[in-house]
Amino acid sequence: MAAHNATHTAPAVEARDGDGIRDREIRMEQEHLDRVYQRLEEKIHEAEFLMDDAAKRGQVGTPGALAERDAQVFRAGVHLNRLNSEFEDFLFGRIDLLLGKDGERGPDGAYTSVEPADDAVRSDEGGAPSAEIAETLHIGRLGVLDADYSPLVIDWRAPAAAPFYRSTPVAPGRVVRRRVIRSKGRRVLGVEDDLLRPELTATLDGTTLPVVGDGALMAALGRARSHTMRDIVASIQAEQDMVIRAPAASVTEVEGGPGTGKTAVALHRAAYLLYQDRRRYAGGILVVSPTPLLVAYTEGVLPSLGEEGQVAIRALGSLVEGEEAADWGGPKAPAEGADGEPGGPVGGDGRVYDEPAVARIKGSARMTKVLRRAARGALERPAPAAPGRRGGARRRDGAPQVRGAAGDAAQLSFEVAGAPADPAPGRTPAAEPLPAPGRPAAGPAAETAVSGPGGGGAGPVTPDRLRVVAFGRRVELDEQELRRIRQTALGGTAPVNLLRPRARRLLLDALWGRSGAGQRYTDPELAAEARQAFDEDITSEPEFLEFLDAWWPELTPRAVLAAMADEKRLGRWARRILTPREVRLLARSLKRLGPDGRGPLSVHDVALLDELNSVLGAPARPRRREVDPLDQLTGLEELTTYADRMSGGRARDERLREEARTDYAHVIVDEAQDLTPMQWRMVGRRGRHATWTVVGDPAQSSWSDPDEAAEARDEALGNRPRRRFTLTVNYRNPAEIAELAAKVLALAMPGMPAPEAVRSTGVVPRFVVAGTPDGDRVPGGGRGAVGNGAPDGAGAADLGACVRREASRLLAEVDGTVGVVVAMGRRAEARAWLAGLGGRVVALGSLEAKGLEYDATVVVSPAEIADESPAGLRVLYVALTRATQRLSVVSGERDMPDEAGVPDLLRD
Ligand SMILES: Nc1ncnc2c1ncn2[C@@H]1O[C@H](COP(=O)(O)OP(=O)(O)OP(=O)(O)O)[C@@H](O)[C@H]1O
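Cut-offs and rules
Residues numbered from 1 in each chain as written. Predicted model: local features only at pLDDT ≥ 70, side-chain atom pairs only at ≥ 80, totals over all residues. Heavy atoms only, no water. Helix = DSSP H or I, 4+ residues; strand = E, 2+ residues; numbered from the N terminus. Buried < 20%, exposed > 50% of the residue type's maximum accessible area, 1.4 Å probe, protein only. Contact = heavy atoms within 4.5 Å. Areas by Shrake-Rupley, 256 points an atom, 1.4 Å probe, with all protein chains shown as cover. Pairing = 2+ DSSP bridges. Axes fitted to C-alpha atoms, helices over the stretch in contact; angles between N-to-C directions. Phe/Tyr/Trp six-rings, centres within 6.5 Å; stacked < 30°, edge-to-face > 60°. Patch = residues over 30% accessible without salt bridge, like charges linked within 9 Å, V, L, I, M, F, W, Y side chains within 5 Å. Salt bridge = Lys/Arg side-chain N within 4 Å of Asp/Glu carboxyl O. Lys, Arg positive; Asp, Glu negative; His and termini not counted. Charge placed at Lys NZ, Arg CZ, Asp CG, Glu CD. Near = heavy atom within 4 Å. Polar contact = N/O pair within 3.5 Å; in protein donor to acceptor, adjacent residues only side chain to side chain. Nonpolar A, V, L, I, M, F, W, Y, C, P; charged D, E, K, R; others polar. pLDDT = per-residue confidence, 0-100. Parallel < 35°, antiparallel > 145°, perpendicular 65-115°, else oblique. Left-handed = near helix turned anticlockwise from the far one by under 90°.

Under an unreviewed UniProt entry, the name given to the protein is UvrD-helicase domain-containing protein, and the organism recorded is Streptomyces pactum.

Draft legend 1. Layout of the overall build of the protein. A count of helices and strands for the protein gives 28 helices and 27 strands. Taking all 908 residues of the protein together, the buried fraction comes to 54%. Residue pairs in contact within the protein that sit at least 24 positions apart in sequence constitute 75% of those at least 6 positions apart. Here the protein displays about 39,500 Å² of accessible surface, and carbon together with sulfur accounts for 52% of that area.

Draft legend 2. Examining the sheet that holds strand 19 (residues 691-696) more closely. Taking strand neighbours across the sheet as the criterion, the six strands line up as 13-12-18-19-11-20 in an open arrangement whose pairing is parallel. Each edge of the open sheet carries a strand with a single partner, namely strand 13 (311-315) and strand 20 (722-727). The mean inter-strand angle of the sheet, taken between neighbouring strand axes irrespective of direction, is 15 degrees.

Draft legend 3. Seen up close, the sheet that holds strand 27 (residues 883-891). Spatially, five strands are ordered 23-27-26-24-25 in an open sheet, and the strand pairing comes out parallel. Bordering the open sheet on either side are strand 23 (766-769) and strand 25 (841-845), each of which pairs with just one other strand. Pairs of neighbouring strands in the sheet enclose a mean axial angle of 20 degrees, with direction left out of account. This element, helix 24 (residues 735-748), spans strand 23 and strand 27 of the sheet and lies at about 45 degrees to strand 27. In this fold helix 28 (residues 872-880) packs onto strand 24 (818-822), strand 26 (854-860) and strand 27, with an angle of close to 145 degrees to the strand it touches most, strand 26.

Draft legend 4. How the structure looks around the packing of aromatic side chains. Scanning the model with the defined rule gives seven aromatic pairs in all. Centroid distance Y37 to F90: 6.2 Å. Interplanar angle 55 degrees. Geometry classified as tilted. In this pair, Y37 is assigned in helix 1 (residues 19-60) and F90 in the loop between helix 2 (63-84) and strand 1 (91-97), connecting sequence segments 53 residues apart. For the pair formed by Y37 and F90, the shared burial category is buried.

Draft legend 5. Region of interest: the environment of A738. Within the secondary structure, A738 sits in helix 24. For the pair A738 and A171, spaced 567 residues apart in sequence, the C-alpha to C-alpha distance is 29 Å. Contact partners of A738, with chain neighbours within four places excluded, come to N730, N733 and A757.

Draft legend 6. Expanded view of a positive patch on the surface. A cluster of like positive charges, contributed by K369, R372, R373, R575 and R576, occupies part of the molecular surface. Position of K369 relative to the elements: it lies in helix 11 (residues 367-377). Classification of K369 as partly exposed rests on a relative accessible area of 46%.

Draft legend 7. Looking closely at the site of the ligand. Taken together, 24 residues sit near the ligand, with S235, K262, R732, E853 and R882 positioned nearest. At 3.0 Å, a backbone N or O of G261 approaches an oxygen atom of the ligand. A distance of 2.6 Å separates an oxygen atom of the ligand from a polar side-chain atom of K262. For the ligand, the protein covers 97% of the area, taking 630 Å² as the surface of the free molecule. Taken together, the residues that form the shell around the ligand break down as eight nonpolar, ten polar and six charged.

Draft legend 8. Layout of the confidence of the model for the protein. Summing up the model confidence of the protein, the mean pLDDT is 78 and the portion of residues at 70 or higher is 74%. pLDDT under 50 marks residues 1-17. Its contacts with residues more than four places away, or in other chains, come to 49 contacts. Low pLDDT, under 50, characterises residues 386-413; the predicted model gives this stretch 93 contacts beyond four residues in sequence or across chains. Interface predicted TM-score (ipTM) for the complex: 0.99; the corresponding pTM is 0.76.

Draft legend 9. Seen up close, the packing of helix 12 (residues 479-490) against helix 13 (residues 500-515). Between helix 12 and helix 13, whose axes approach to 9 Å, the crossing angle comes to 140 degrees. Considered as vectors, helix 12 and helix 13 are oriented oblique to each other. Between helix 12 and helix 13 the crossing geometry is right-handed. Contact residues: E481, L482, I485, T488 and A489 in helix 12; R502, A503, L506, L507, A510 and R514 in helix 13.

See below:
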């Protein structure tokens, strides 16, 4: 077994005893747990009394009493909820401590000093050191004080609990013995001790301190895995505890290889921060995970730590309000059948997944500029391919002309004719002449005529002419002038949708200028009045608003993405930024969206939408009152009590706050190595004023350009000071599996140290070759492998049969889960291979395996996984490091296995 530098050491052997001592110790802990539950019950009664009392106060009826009642009900409700929670192991730890140096106690009743008093340890006559235990603390998920305020349980996040995690035999501080208590509900099942001062003869209440068990960490690591992650609160290791309790200020960066507990630590840190400063962090912590699968796997951890609903755990594809990527684990898109080409439509399994070449384009920081240009360019909408008659009473797309009412002070005439955004050189826009003004030149007179919106799913085409008859004169803004106005309005970097008022003003300026009306007034005040009336008349015409809607449409991010599916237009926007091939791939992939922008999104599309959201800006909207459908029916407001209304209002406020939240107090990024530059920009927008915890492993990155991503990461994190930590111990993989994975690490990132595995199972990985008879395998091939020679032209059927056999074998060997990891392109196939084997086995694409773990894994064709993308070797490293107990590697033809079945990539 590999040595490890974690804190749990082999306890002092002489202190061990048989089952008699164990049973006695369990009994003692049971008595303590009974006391804790008795106290909890008292607290529950207290809370219930409070609620009851508060309800009575409500009957008094004064507003002050009602508000007080609300506050009490709220507080008592929260309290009751927490106390009633079913904890699997409410109490899980205990430390026995020497007397503290200064003998002072903190608010929780525990001694505050970390170091022992000078006279805490005596030397007996023979020179053997001995000591009396001065303090015993029990550690649990919540703090519980006795009626006399002495601590029955210390919250695991309290400073007094830190020595439970931090003490090592090298620096034990005051801790003599650390005990992990295994309990379920109200029953203590077992205890596991570590002795941190084995040289000491310690006594508690006059009897020698016994030591029981083989160490809690190993017991925790050996447990079968389910489809959800467990908390590690009972066995957090010292180097992990340093991260969890790191001060929240600035940026905490954590690196560590597979299985070093990065995800676990990040989640425990969220719980710790809430404990430390609930006011600051409540509801304001965002945890970003790469996939919905990882979200589902981890989302039970915080509730198990007593923190429910305070922390938002979101997959990268779900960060934009109202949008969700139809990728793995996310909602399925309606399947259209895969066409096998990069960036093609939806895959056969209804999932939207961008091929690496497309993902690389969409994730690149270069997209920032392309999107900015696209958002401006998409204001112009080309006409449909076959133009109809234009001008006069008809638009060129054939939509009927609309006649509107004339204004009061001035009658105006508009004509709007659609035209392509990019007219062929030399084309002169033709328009029918407008009817002559219907009134004498003494006053402004005209009739109104404007083409209506419509024409194709993409909305109206861009009008290329605006004609107004005002003050008896025809005023016209032609295509060139309109374009000039648009360019002027677009100057600067303000969000496009917010520039509409500016564009409107520039249009009016131009019309006013052309009308020559300004010159008629020598008195500036009269001129200003006339101008105001002119503006009001024009802008009160619905036709003018229609023109504006068509000429400066309010753009949605999806509409802009859809516009980018036009390769020609995209080519213009991406000039000198993307290569023609990239333009082709990108446009092709965006064809998944219809002309109106509707359609399934990939996880990378979501980051593009978020960027567009900020480039476009949301126009201010009049607030709409929320109407209860019942009110609409009855016309009556439902009768509610003051408190009901208050709590309803509170719930609604909370919901609105949650929905609108884009800025968090703390952002935790898991698997940070995988964020593309565009995703960093998206996440960065959610933590502009936040402190950060960023955990990741560069060796597991599936992004092909780490330098570009690092730049975007720096930008998102800003110049806040950073505190760096490295985790070095692999708690997931046994040494036998870690050793094999290290070979791929050496290829993927030469010189990168692999984390040290903390345990060994004695079971070496199995190597199996598809297309060879299963029964012929010879145990004990290279490195203990099992192999049976080269493949005999293994096809997909052979591969499938072989994988199924391996999965069945592993299901019989382990109690928990089995993960079968294949190249992304084989996901649907792999699911079919495993059909009928039950819920313990899962098929995963290599990118989906990120962050997950299984009792056993089957890694299918390392060569296929490695060849799938430029980051393929790192992706393979991820696949090989998912197992907690057993690993089988199945090779196909491409893997070039040797006679022992070991594929080329995994040989020395
Ligand atoms: N101190 C600990 N006590 C018990 N189990 C632990 C401890 N630390 C980590 N583990 C376990 O090790 C496994 C790996 O942890 P985790 O998934 O957090 O690692 P990771 O560094 O995020 O891995 P990866 O980079 O591969 O995603 C989990 O099963 C976790 O519960």
